[in-house]
Amino acid sequence: MLPAEPKIFHGRESELADILDHFSRGTPRIAILGAGGMGKTSLASAVLHHQDITSKYQENRLFVACETAASKVELAGLIGAHLGMKPGQDLTQAVLYCLLEGPPTLLVLDNLETVWEPFESRKDIEEFLSLLTDIVNLALIITMRGTERPSKVQWTRPFLLPLQPLSQEAAQKMFLDIADDQHSMEEVDQLLGFTDNMPLSINLIAHIVDAEGCTEILARWHREKTSVISEGYDRRSNLELSISLSLESPRITSVPHSAELLSLLSILPDGLSDVELKQSNFSIQEILECKRALVRTALAYTDDHKRLRALVPIGEYMRRSFPPADNMIRPLLKHFQELLDLIMVDDGKQSVEFSIERLTSNYTNILNILSNGLRLGHPDLVDSMFCVSHLLRYSNIIGKQEIPLINRVITLLPHLGDHRVKAYFATMLFYSREAHSISHPETIIAQTLEHFNNFSDPDLECVSFHVYHHAH
């Protein structure tokens, strides 16, 4: 039985045109790859129902959902059932013979990663695919999560690239086709920002908006995050289920700590470069292998600046369901603290420029990491406060606006007995006074001088005197 023709099909026109072009030039073997929720099945369905394809293959179009197969024999049994065969112990040869002797046929194997990913079945599946593609009158399309194509198959070139999120225009059009256009475009764009323009996420959230309205769903999103669009019972109607299936795949579970790295990425909207992955001294030994596992399964991607990122819905799911442990966050805190220290020491223009460049590309990451540590009783509280103090000077250098964490630090300071961090923060607050409003400056100066009676730091005293002198 063929899947229904997609009612909403936006943003994949170029990929559809590429696939149809392959068909016009022969009998293709095509892999449609991408993250869960990117519209792989919808694209394959659009091909199946295109008039050029229906006229060429007529009733000989097979769509086989592979989720229930666990071996080559079971996959062959599923194909055999679509060919009208009676169940048998092993239909592999019968399927191959039937397709070989039959009319030109288009076979779509949807979600093939389910049976291909386990190492114990991968070799058999690839050999079976190879035998299928030896059949000259058989066109083959597979859909798989990730960026890898099974080997032993001469896939038609040029390869179809892994599917990317929709353009903003296509995302808006898809949303409005489902939810109608009686909504504030500002609110629509806010909701699309939560979907990262993933078709599955857009489809799910637009249907809910159609029933409840943008304003209500925006409020629910801030309370419930991805659970808002995770009320269905299969991967096509439940985003969290789709993500969890990817996390449970052998390509992830076979590489220890891959999920931990993805969890860390969930609080790092700026992503991480390979240099940062290697220099941050994470406890993960093979961290670049973890990166490759996440990219291969499309749980993460490398952006135009070569930085590893998680898609917004995946990051939201991980942050809520599997938040990063402190021992994963702490190495990054130390790394960014060292870069900030270089600015404070000012030991050479080249090193300062290098630090500023690295810090600028991680600014939102740093704010999220510091926010995590700015909690009473947290072991990294003092280090986080020192980093916020460093950021005050850094922000002053690059002309950033007020740091949103300042008020939290001011609230926490009275609960600490560390006089040095109190004096240091007050000094840096005055240093960047042009960007920050300071209430009761005379009181703060007096309190800072009191702090110096409890510890010895001549360098900090000198800086404080210089800053306060200029403040007058």
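Scoring rules and cut-offs
- Residues numbered from 1 in each chain as written.
- Predicted model: local features only at pLDDT ≥ 70, side-chain atom pairs only at ≥ 80, totals over all residues.
- Heavy atoms only, no water.
- Helix = DSSP H or I, 4+ residues; strand = E, 2+ residues; numbered from the N terminus.
- Buried < 20%, exposed > 50% of the residue type's maximum accessible area, 1.4 Å probe, protein only.
- Contact = heavy atoms within 4.5 Å.
- Areas by Shrake-Rupley, 256 points an atom, 1.4 Å probe, with all protein chains shown as cover.
- Lys, Arg positive; Asp, Glu negative; His and termini not counted.
- Charge placed at Lys NZ, Arg CZ, Asp CG, Glu CD.
- Core = buried A, V, L, I, M, F, W, Y, C linked by side-chain atoms within 4.5 Å.
- Salt bridge = Lys/Arg side-chain N within 4 Å of Asp/Glu carboxyl O.
- Pairing = 2+ DSSP bridges.
- UniProt positions renumbered as here; feature names shortened; annotations may be inferred.
- pLDDT = per-residue confidence, 0-100.
- Axes fitted to C-alpha atoms, helices over the stretch in contact; angles between N-to-C directions.
- Left-handed = near helix turned anticlockwise from the far one by under 90°.
- Phe/Tyr/Trp six-rings, centres within 6.5 Å; stacked < 30°, edge-to-face > 60°.
- Lys NZ or Arg CZ within 6 Å of the ring centre and 35° of its normal.
- Expected span 1.5 Å × (residues − 1).

- Looking up the protein chain in an unreviewed UniProt entry gives the name P-loop containing nucleoside triphosphate hydrolase protein, with the organism given as Mycena metata.

### Considerations on the overall build of the protein chain
Next, step 1: Helix and strand counts for the protein chain stand at 25 helices and six strands.
Next, step 2: With respect to the principal axes defined by its C-alpha atoms, the protein chain has extents near 95 × 50 × 35 Å.
Next, step 3: With 472 residues in all, the protein chain has 52% of them scored as buried.
Next, step 4: Here the contacts in the protein chain between residues at least 6 apart in sequence split such that 72% fall between residues at least 24 apart.
Next, step 5: Accessible area of the protein chain: about 22000 Å², with a carbon and sulfur share of 51%.
Next, step 6: The positive charge centre, built from 42 side chains, and the negative charge centre, built from 62, are 4 Å apart in the protein chain.

### Overview of unusual backbone geometry
Next, step 1: For the bond running from arginine 157 to proline 158, omega is -5°, close enough to zero to count as cis.
Next, step 2: Secondary-structure assignment places proline 158 in the loop between strand E4 (138-145) and helix H8 (168-179).
Next, step 3: The phi torsion at lysine 306 lies on the positive side, around 65°, for a residue other than glycine.
Next, step 4: Tracing the sequence through the fold places lysine 306 in the loop between strand E5 (300-302) and strand E6 (308-310).

### Some thoughts on the nonpolar core
Next, step 1: Grouped together as the largest cluster of nonpolar side chains are 117 residues, with contacts concentrated most on Phe23 and Phe175.
Next, step 2: If we skip the residues at most four places from it in the chain, phenylalanine 23 touches Pro28, Ile30, Val47, Ile53, Lys56, Tyr57, Leu106, Ala139 and Ile141.
Next, step 3: Residues Leu62, Ala69, Leu109 and Leu112 belong to the second largest nonpolar core, which totals 29 residues.

### Details of the pattern of salt bridges
Next, step 1: According to the stated counting rule, one finds 23 salt bridges in the structure shown.
Next, step 2: Here arginine 223 makes a salt bridge to glutamate 224, at a shortest N to O gap of 3.9 Å.
Next, step 3: With a relative accessible area of 24%, glutamate 224 lands in the partly exposed category.
Next, step 4: Among the charged side chains, a salt-bridge network with shared partners connects Glu117, Glu148, Arg251, Glu289, Arg292 and Arg296.

### Focus: the pairing of strand E1 (residues 29-34)
Next, step 1: E1 sits mainly inside the fold: six of its six residues count as buried.
Next, step 2: Burial along E1 is two-sided: the residues Arg29, Ala31 and Leu33 and Ile30, Ile32 and Gly34 are all buried.
Next, step 3: With six bridges connecting them, E1 and E4 associate as parallel partners. Looking at E4, one finds that glycine 34 is bridged to arginine 145.

### Looking at the UniProt feature "domain: Novel STAND NTPase" (unreviewed entry) in the protein chain
Next, step 1: Within the UniProt annotation, "domain: Novel STAND NTPase" (unreviewed entry) is assigned to residues 5-146.
Next, step 2: Within the segment residues 5-146, helix and strand shares are 49% and 18% respectively, and the terminal C-alpha atoms sit 24 Å apart.

### A closer look at the confidence of the model for the protein chain
Caution applies to low-pLDDT parts of the model: their predicted coordinates are not meant to be read in detail.
Next, step 1: This prediction gives the protein chain a mean pLDDT of 89; 93% of its residues lie at or above 70.
Next, step 2: Within the protein chain, no element has a lower average pLDDT than helix H25 (residues 458-471), which sits at 73, and none a higher one than strand E3 (residues 105-110), at 98.

### Comments concerning the packing of helix H9 (residues 185-195) against helix H11 (residues 214-224)
When two helices pack together, their arrangement is given by the angle between their axes and by how far apart the axes lie.
Next, step 1: Interhelical geometry of H9 versus H11 gives an angle of 35° and a closest axis separation of 10 Å. Where H9 crosses over H11, the two elements pack in a sense that is left-handed. Contact with H9, carried on its side by Glu187, Val188, Gln190, Leu191 and Phe194, involves Cys214, Thr215, Ile217, Leu218, Trp221 and His222 of H11 and no other residues of that element.

### Description of the packing of aromatic side chains
Next, step 1: One pass over the full model with this rule turns up five aromatic pairs.
Next, step 2: Geometrically, the ring pair formed by phenylalanine 194 and tryptophan 221 is stacked, given 4.8 Å between the ring centres and 5° between the ring planes. In this pair, phenylalanine 194 sits in helix H9 while tryptophan 221 sits in helix H11, placing the two residues 27 residues apart along the sequence.
Next, step 3: Take tryptophan 221: its relative accessible area is 0%, and that puts it in the buried class.
Next, step 4: Aromatic pair tyrosine 317 and phenylalanine 322: ring centres 6.1 Å apart, planes at 65°, arrangement edge-to-face.
Next, step 5: For tyrosine 317, a relative accessible area of 7% translates into the label buried.
Next, step 6: For arginine 122, the ring lying beneath its charged end belongs to tryptophan 116, and the centroid distance is 4.1 Å.

### Let's talk about helix H10 (residues 199-212)
Next, step 1: Spanning 14 residues, H10 covers 20 Å between terminal C-alpha atoms, matching the ideal 20 Å at 1.5 Å per step.
Next, step 2: Listed as buried for H10 are Pro199, Leu200, Ser201, Ile202, Leu204, Ile205, Ala206, Ile208 and Val209.
Next, step 3: On its buried face, H10 is in contact with H8, H9, H11, helix H12 (239-247) and helix H17 (312-321).
Next, step 4: Following H10 by one or two positions, glycine 213 adopts a phi angle in the positive range, close to 95°.

### Looking at the side chain of serine 273
Next, step 1: Residue placement: serine 273 occurs in the loop between helix H14 (258-265) and helix H15 (274-279).
Next, step 2: Leave out the neighbours within four places in its chain, and serine 273 touches Lys306 and Arg307.

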